Amino acid sequence: MKKFLSMVMAAAMVVSLVPATAFAASDDVKATAKVVDSKNYTQDEIEKDNVISGPELQLTFTTADYTAADFTADIDLTLDNAYFVAGTSLKANDMYVKVDGSVYVGQEAAAQNGIRTITFANAGLGSTDVVLKVPSVAGQDDVDEITVTLEGKLDRGAVLAIGLDTVMDKVSKGKTATISVDSDDIRITNGDDLVYASVESKGIKASVKDTVDIATEEVATLKEIKVEPAVGSNFAALITDEQVAKAELKLKLPSGYEFTAKTNVQVNGTDVDFTNDDDEIVIKVSKLNRNEDVWKITGLEVEATSAKAGATGLVKISLTGSDTVSVEAIKVVDYNVVMSVDEDEDVPVIYSGVNVDNKGITDDSDHESLEVTIEETFAGAWNNSKDFTLSVPEGVYIVDVVDPSFDNDGQETALDEAKWFAEAYNEGDYVDLTFKRRSWAETTPDKGQDPAELTFTLVLVADPNFEGDVVLKLTGDAVEEQEVTIAKFVKPFVVEAQQNDMQIDYRNTEIPTSVVIKEAEAGLWEKGTEFRLALDKISFDDEGTIKVDDKSGLEVKDDEVKTTSKGVDNDVLYFTVDSRSDDEPAVVTISGMQLYMQRSLPAGAYDLDVYSPTMLGVEKDENGQNGTGYLGEKVLGMDLDKEVDCIADINDDFYSETAKAGFVNIVTAGREDTESFTTKVVVPVGESYLISGENKVTIDVPAYINANGYTMLPLRAVAVALGINSNNVLWDQSTRTATIMYGSKIINMTLGQKVVYVNGAMIPATAAVEITNDRMFLGLRDLGNALGVTDITWDGATRTATLNGNK
């Protein structure tokens, strides 16, 4: 039959789609077979007459690539564990063709030569008839295979259906009746061994809406448990009148759980009598309605007496005369607070160095993170006697919070979430969010309250130099430290520059290398966007030249780079976009830059800053009004013009613009004594300070004596205390190498090595270079030798090292 139906549908679809003059191969006719309304019987039910009634085989035609008006297809229908019976199988009134929602019922003509003809009038394409020719099985026994013939055309999507009123051979428990469909004329999908009837034992099945979370020694009410007959229309098919007096429905808990004394069982909303034996509820079936097709059981209150976190609870359900079934209804959880985001959502990508209004770029992102959820695993888990803090990485800043919602049954008064977040921002020193203790109410598990849930979305900006994932961290004494990724920042432009070793000169000192600024994507920089190049403590003396690539289409105003001192400490270079790029990202190269270098400049490294005041939102608008600033007009709803100074400071100058550290490295100082130090530095071991001259300087990692007995001094702290500019102490993470540039000296030292290089010359060290708490340490004598400090003393009684400078 399956084969037959596939043939019919495929033929019909082919006819419907191509001209009547065309002819197509059989492979172009395709149909998918399936069984609908398959039947499940108990052994008692099927043994009455072994007759299967109601299932239906359907062929859905998925192509209509045949068009011959006389299209004919033979379809083989093969039954397994069943057979066709005259008067029972393949009745005309159990067949139909469905096309575009219209149903065509077959009309049977008188059989001729053992062939029954069933016509579906106007069912084919173009209002043509579709005909099935079915062999008669009258007078034949146990016919399990026949071939039917389809004639005519059907449209794409048409369904040919045929009833499967047949008789099963074997009807013991577990037996099934199947049909297979095959054809040489139609390509049939899913045509093998389609089950349309099965025999099952009498029994029940059970399900639960959802598991309920519970903590050890806590109480929870189970979700609704549904019990239904596995087969049959109602429970009367399972429990006879003779059995009902002794029949029982039982619900048993696993070890570690008990039903509480407050349990009040309801079935389908009605209270019922029951007995409670701690871990088992017993209900007399005589108290239930056997004519119902489902029993919905509620009111089951459970305590996890000894079950441990992570355990699941299977409730075993049994009915007299039926097999026992189980449902997972309970899950034991820790008292935890869990932070999460929807893992199916894409992490939003935001441009760094751009204010919340996306000034200067064409991107229209809203700077919003993924929605964050913080929730209790169990009511009462969130202890409000402790602070908790939400932190973003250094260089990322929280501007606003969107749709904060704290769903907390324990909240006695309505919580103003926006104000709560604003207060948390104040407590967090305007970067982190620190929510103070007692600022929200706890949930109470014994009142049946649901776990608290906090949801929110953050609006973010990031330093021009920040790039990568934004990892939100949850910390606090009452919560486990957790992290989730909520956004990702990418740079709107990338700067390529090289270090330039230069000698002091007064005017027109030319930088030998170029600076290249590359646009992140075509068309990103808006017309009117300004870019600036600045050096710390050094002014640009001449503009140099600017060149834009030939492919992007971007144009620069006046085709030049200019100098300005407006709004900055030193003269800087700037250029302005006059026309956006289109085909490819722009590449801007600035060459021939010249410096005005005061002869009093100390030797050392000077960083190059490259930034866009337009993107940062700090330049004036077309009306001469100040920009809204990097953070915008408000932070978490606070007016920046009226808030404390800290907010204003953050908004004015809190971001890092450095594009190339040590871009200019002055290797000869103008007025610097490159061979001697005059400052006396005293370093007490184990103390968080040192003495530089007359000044006490706090250090974050104290000096110490290592396992080999060497006194180890913090490199940067001591170098700066002696008088070396902090910018001249450099760290290369990739090679784990520190570099000190002072006067004519370049001193290098690498983690783990017992050697120091001074201007390339190797000097053996007594102790290997070490890193402690992210700070580099060098042995006392080794550091003095490297810097040229010859007067070094050690006081064992006070455990103090003194570098006296040079006389």
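Residues numbered from 1 in each chain as written. Predicted model: local features only at pLDDT ≥ 70, side-chain atom pairs only at ≥ 80, totals over all residues. Heavy atoms only, no water.

S.K.: Whenever I open this one, the overall build of the protein confuses me. Can you help?
M.R.: Scanning the protein for helices and strands turns up seven helices and 70 strands. Taking all 807 residues of the protein together, 47% fall into the buried category. Restricting to contacts in the protein with at least 6 residues of sequence separation, those with at least 24 account for 72%. Accessible area for the protein stands at about 37600 Å²; split by element, carbon and sulfur atoms hold 41% of it. (Helix = DSSP H or I, 4+ residues; strand = E, 2+ residues; numbered from the N terminus. Buried < 20%, exposed > 50% of the residue type's maximum accessible area, 1.4 Å probe, protein only. Contact = heavy atoms within 4.5 Å. Areas by Shrake-Rupley, 256 points an atom, 1.4 Å probe, with all protein chains shown as cover.)

S.K.: Could you clarify how one ought to interpret the sheet that holds strand β16 (residues 187-189) in this entry?
M.R.: Backbone-to-backbone hydrogen bonds join strands into a sheet, with any given pair of strands oriented parallel or antiparallel. Sheet architecture is open: six strands sit in the order β8-β7-β13-β4-β1-β16, paired in mixed fashion. Single-partner strands in this sheet number two, and they are β8 (102-105) and β16. The mean angle between the axes of side-by-side strands here comes to 25 degrees, regardless of whether they run parallel or antiparallel. The pairing of strand β7 (residues 95-99) with strand β13 (residues 159-163) spans four bridges and is antiparallel. Within β13, the position partnered with V97 by the bridge is L160. (Pairing = 2+ DSSP bridges. Axes fitted to C-alpha atoms, helices over the stretch in contact; angles between N-to-C directions.)

S.K.: Where do I start with the sheet that holds strand β31 (residues 325-332) in this structure?
M.R.: On the basis of which strands lie adjacent, the open sheet formed by six strands has the order β19-β31-β30-β22-β27-β26 and mixed pairing. Two strands lie at the open edges of the sheet, namely β19 (212-214) and β26 (275-276), each paired on one side alone. Here two bridges tie β26 to strand β27 (residues 280-284), and the two strands are oriented antiparallel to one another. Across the sheet, residue N276 finds its bridge partner in β27, namely I281.

S.K.: Which parts of the structure should I look at to understand unusual backbone geometry?
M.R.: The bulk of non-glycine residues show a negative phi, and the bulk of peptide bonds are trans. Not every positive phi belongs to a glycine, and N50 is a case in point at roughly 65 degrees. Under the relative-accessibility criterion, N50 is labelled buried at 18%. You will see that N190, though not glycine, has its phi angle at about 60 degrees, which is positive. The topology assignment puts N190 in the loop between β16 and β17 (194-200).

S.K.: I would appreciate a short explanation of the packing of aromatic side chains in the present structure.
M.R.: Two descriptors summarise a pair of aromatic rings, namely the distance from one centre to the other and the angle between the planes of the rings. All chains considered together, the criterion is met by 18 aromatic pairs. Taking the centre distance of 6.3 Å and the plane angle of 65 degrees together, the rings of F388 and W420 count as edge-to-face. With F388 in strand β35 (residues 388-391) and W420 in helix α3 (residues 417-427), the pair connects residues that are 32 residues apart, well separated along the chain. Of the two residues, F388 and W420, both sit in the buried class. Plain terms: the ring middles of F388 and F435 are 4.6 Å apart, the flat faces sit at 10 degrees to each other, and that makes the pair stacked. Of this pair, F388 sits in strand β35 while F435 sits in strand β37 (residues 433-435), and the two are 47 residues apart along the sequence. (Phe/Tyr/Trp six-rings, centres within 6.5 Å; stacked < 30°, edge-to-face > 60°.)

S.K.: Explain the nonpolar core to me, please; I cannot follow it from the model alone.
M.R.: One broad rule of soluble globular proteins: the nonpolar side chains tend to lie buried together. Grouped together as the largest cluster of nonpolar side chains are 48 residues, with contacts concentrated most on L77, F120, I146 and Y196. The residues contacting I146, other than those within four sequence positions of it, are I75, D76, L77, F84, L90, V134, P135 and V137. Core analysis: the second largest hydrophobic core is formed by 41 residues, I204, V265, I330 and V332 among them. (Core = buried A, V, L, I, M, F, W, Y, C linked by side-chain atoms within 4.5 Å.)

S.K.: When you look at helix α7 (residues 780-787) in this model, what are you seeing that I'm missing?
M.R.: An α-helix turns once every 3.6 residues. As a result, residues three or four positions apart point the same way. Across the eight residues that make up α7, a large majority, six, are buried. When α7 is considered as a whole, its buried residues turn out to be L780, D782, L783, G784, A786 and L787. Taken from the residues just after α7, G788 is the one with a positive phi, measuring 85 degrees.

S.K.: Help me out: how do you make sense of the pairing of strand β65 (residues 755-758) in this one?
M.R.: Sheet faces and side chains relate simply in a regular strand, where the side chains alternate between the two faces. Pairing of strand β64 (residues 745-750) with β65, which is carried by three bridges, proceeds in the antiparallel orientation. Counterpart to N748 in the pairing with β65 is Y757. From the end of β64 to the start of β65, which pair antiparallel, there are four residues, and G752 there has a positive phi angle of about 85 degrees. Sheet topology note: the β65/strand β66 (residues 761-764) ladder contains four bridges and is antiparallel. Counted as the bridge partner of V755 is P764 from β66. Where β65 folds back on β66, the antiparallel hairpin that results is connected by two residues, among which N759 adopts a positive phi of roughly 50 degrees.

S.K.: Can you help me understand the pairing of strand β47 (residues 545-548) in this one?
M.R.: Judged by which residues are buried, β47 turns out to be one-sided: I546 and V548 face inward and are buried, whereas T545 and K547, on the alternate face, are not. Here β47 pairs with strand β51 (residues 587-591) via four bridges, running antiparallel. By the bridge assignment, T545 is partnered in β51 with S591.

S.K.: It is not clear to me how helix α6 (residues 715-722) should be interpreted in this structure. Could you clarify?
M.R.: L715, V718, A719, A721 and L722 are the residues of α6 that are buried. Across the axial projection of α6, the buried residues extend over an arc of 160 degrees, all falling on one side. Just beyond α6, the residue with positive phi is G723, at close to 125 degrees. (Arc of directions from axis to C-beta.)

S.K.: Would you mind showing me how to read the pattern of salt bridges here?
M.R.: Side-chain pairs of opposite charge can arise where the charged atoms are in close proximity. Scanning all chains against the criterion turns up 14 salt bridges. Between D241 and R290 there is a salt bridge, with its nearest N and O atoms 2.7 Å apart. Residue D241 is located in the loop between β21 (225-229) and β22 (248-252), and its partner R290 is located in the loop between β27 and β28 (295-298); the two are separated by 49 residues in the primary sequence. Taking the relative accessible area as the measure of exposure, D241 reaches 57% and is therefore exposed. R290 sits in the buried class, given a relative accessible area of 18%. Between E496 and K518 there is a salt bridge, and its shortest N-O distance comes to 2.9 Å. With a gap of 22 residues between them, E496 in strand β41 (residues 493-496) and K518 in strand β44 (residues 515-519) connect regions that are remote in the sequence. Through salt bridges with shared partners, a single ionic network connects E248, K250 and K284. (Salt bridge = Lys/Arg side-chain N within 4 Å of Asp/Glu carboxyl O.)

S.K.: It is not clear to me how the side chain of N358 should be interpreted in this structure. Could you clarify?
M.R.: Within the secondary structure, N358 sits in the loop between β33 (349-351) and β34 (372-376). Excluding anything up to four places from it in sequence, N358 contacts D363, D364, S365 and H367.

S.K.: What is the right way to read the environment of F466 from this model?
M.R.: Relative to the helices and strands, F466 resides in the loop between β38 (453-462) and β39 (468-476). Classification of F466 by relative accessible area gives buried; the value is 13%.

S.K.: How should I be thinking about a negative patch on the surface in this particular structure?
M.R.: A cluster of acidic residues, D342, E343, D344, E345, D346, E371, D403, D407, D450 and E453, forms a negative patch at the surface. Structurally, the position occupied by D342 is in the loop between β32 (337-341) and β33. (Patch = residues over 30% accessible without salt bridge, like charges linked within 9 Å, V, L, I, M, F, W, Y side chains within 5 Å. Lys, Arg positive; Asp, Glu negative; His and termini not counted. Charge placed at Lys NZ, Arg CZ, Asp CG, Glu CD.)

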